[in-house]
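Architecture at a glance
Here are the chains, one letter per residue:
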Amino acid sequence: CVLEHGMKSVLEPLCDEVMMQQIQKGFVVTKVHLGAADSISVSSRDGRCIRAFSCVSTMSVGCLQEATKDQDFFSPPLHQTKVDAINKINRGNYKKVLMRFETIFWPKETAFLGLVVPDTVNSPLGCNLLMDNLWARRGLPILEAILIGNAAVWAKNRADKDVSVAVLAFMEAAMGSNIPDCLSSHVSRWEEDPFSMGAYSSLGLGAADKHVREFREAVWDG
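What you see is a predicted model; the values in this text were computed from it and never measured.

Here the focus is the nonpolar core. Grouped together as the largest cluster of nonpolar side chains are 24 residues, with contacts concentrated most on Met131, Leu147, Val167 and Met171. Within the residue set of this core, elements represented by two or more residues are strand 6 (94–101), strand 7 (112–116), strand 8 (128–133), strand 9 (142–148), helix 6 (149–155) and helix 7 (160–175). Per-element accounting of this core gives the leading share, six residues, to helix 7. For Met131, the residues in contact, after removing those within four places along its chain, are Met99, Ala111, Phe112, Leu113, Leu115, Leu143, Glu144, Ala145, Val167 and Met171. Among the nonpolar cores identified, the runner-up in size contains 11 residues, and Phe27, Val42, Leu78 and Ile86 belong to it.

Here it is as structure tokens:
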């Protein structure tokens, strides 16, 4: 299920002018403090502070895990069972490598292309690669390689060009050597983004229902 204009298309109808005035952008949180009379103070990097009677954290799992390592971020610190539950959730690696070509050299109507190469190719992307055909879906001369698992880990912090070169080499090994030049490429960077630190979340090895329950339980007496 793809939203054509992104997730902001869900938010915009909910945010009228009055609501938008309540949203503070560029507010990089550095501390969440429980003060006197059960008041909450949320402080930002540039010195701003918001005080309220309650606070809901919607940080991604990666950011939340990093926050629990900082003894000053949550004050008082979250109890250990909460921290343990947070660390039972994985932050996933998933990269989209979008590559634009001048001509369509792949099956035009096939929504997804599954490419396979033998072990002898020794590609850092492994032996199989799934590609989304944006020509079939949106009429764009773009193939989107989907990197998951070890391939996504390998691509982390590598330059777009290095990643696209590896994908092109894989395509040549799987489809033949007549691959035209890639005009431009873009690699998603959710893992490297300091405000996401991961592309998705999932249950880690050893996670149980009790960790999920503890993860979503309120702290500081609600």
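This part covers the environment of Gln21. Topologically, Gln21 is positioned in the loop between helix 2 (17–20) and strand 1 (29–34). For Gln21 and Glu217, which are 196 residues apart along the polypeptide, the C-alpha to C-alpha distance reads 30 Å.

Let us now look at the sheet that holds strand 1. Taken together, the four strands give an open sheet; going across it, the order is 3-2-1-4, and neighbouring strands pair in mixed fashion. Two strands bound the open sheet, and with one partner strand each, they are strand 3 (49–52) and strand 4 (74–75). As defined by bridge partners, strand 2 (residues 40–44) adjoins strand 3 across four bridges and the pair is classed as antiparallel. Its bridge partner being in strand 3, Val42 is matched across the sheet by Ile50.

Helix 4 (residues 80–87) packs onto helix 3 (residues 61–69) with a crossing angle of 140 degrees between their chain directions and a minimal axis gap of 10 Å. Between helix 3 and helix 4 lies a crossing whose hand is left-handed. Across the interface between the two elements, Val61, Leu64, Gln65 and Thr68 from helix 3 touch Val83, Ile86 and Asn87 from helix 4. Considered class by class, the residues forming the contact of helix 3 with helix 4 number four nonpolar, three polar and no charged.

Here we take up the pattern of salt bridges. Enumeration over the complete set of coordinates arrives at eight salt bridges. Residues Arg48 and Asp46 are paired through a salt bridge, measuring 3.1 Å at the closest nitrogen-oxygen approach. Owing to a relative accessible area of 29%, Arg48 belongs among the partly exposed residues under this scheme. Overlapping salt bridges bring together Lys95, Asp160, Arg189, Glu191 and Glu192 as one network.

One can find Ser44 in strand 2. Apart from the residues within four sequence positions on either side, Ser44 is in contact with Phe27, Val28, Val29 and Thr30.

The five strands are arranged 7-8-9-6-10 in an open sheet whose pairing can be described as antiparallel. Looking at strand neighbours, the two that pair on one side only are strand 7 and strand 10 (182–187), the edges of this open sheet. With strand direction ignored, the average angle separating the axes of adjacent strands in the sheet is 25 degrees. Pairing analysis gives seven bridges linking strand 6 to strand 9, with the strands arranged antiparallel. Along strand 9, the bridge assignment pairs Met99 with Leu143.

Here the focus is the packing of aromatic side chains. Enumeration according to the criterion identifies six aromatic pairs in this entry. Seen from their ring centres, Tyr94 and Trp190 are 6.4 Å apart, and the 45 degrees between their planes marks the pair as tilted. Highlighted residues: Tyr94 in strand 6 and Trp190 in the loop between strand 10 and strand 11 (200–203), separated in sequence by 96 residues. According to the relative accessible area criterion, Tyr94 is partly exposed, its value standing at 25%. With centroids separated by 4.9 Å and ring planes inclined at 85 degrees, the aromatic side chains of Phe105 and Trp106 adopt a geometry described as edge-to-face. With relative accessibility at 24%, the residue Phe105 sits in the partly exposed group. The class for Trp106 is buried, based on a relative accessible area of 3%.

Thresholds applied
Residues numbered from 1 in each chain as written. Predicted model: local features only at pLDDT ≥ 70, side-chain atom pairs only at ≥ 80, totals over all residues. Heavy atoms only, no water. Core = buried A, V, L, I, M, F, W, Y, C linked by side-chain atoms within 4.5 Å. Buried < 20%, exposed > 50% of the residue type's maximum accessible area, 1.4 Å probe, protein only. Helix = DSSP H or I, 4+ residues; strand = E, 2+ residues; numbered from the N terminus. Contact = heavy atoms within 4.5 Å. Pairing = 2+ DSSP bridges. Axes fitted to C-alpha atoms, helices over the stretch in contact; angles between N-to-C directions. Left-handed = near helix turned anticlockwise from the far one by under 90°. Nonpolar A, V, L, I, M, F, W, Y, C, P; charged D, E, K, R; others polar. Salt bridge = Lys/Arg side-chain N within 4 Å of Asp/Glu carboxyl O. Phe/Tyr/Trp six-rings, centres within 6.5 Å; stacked < 30°, edge-to-face > 60°.

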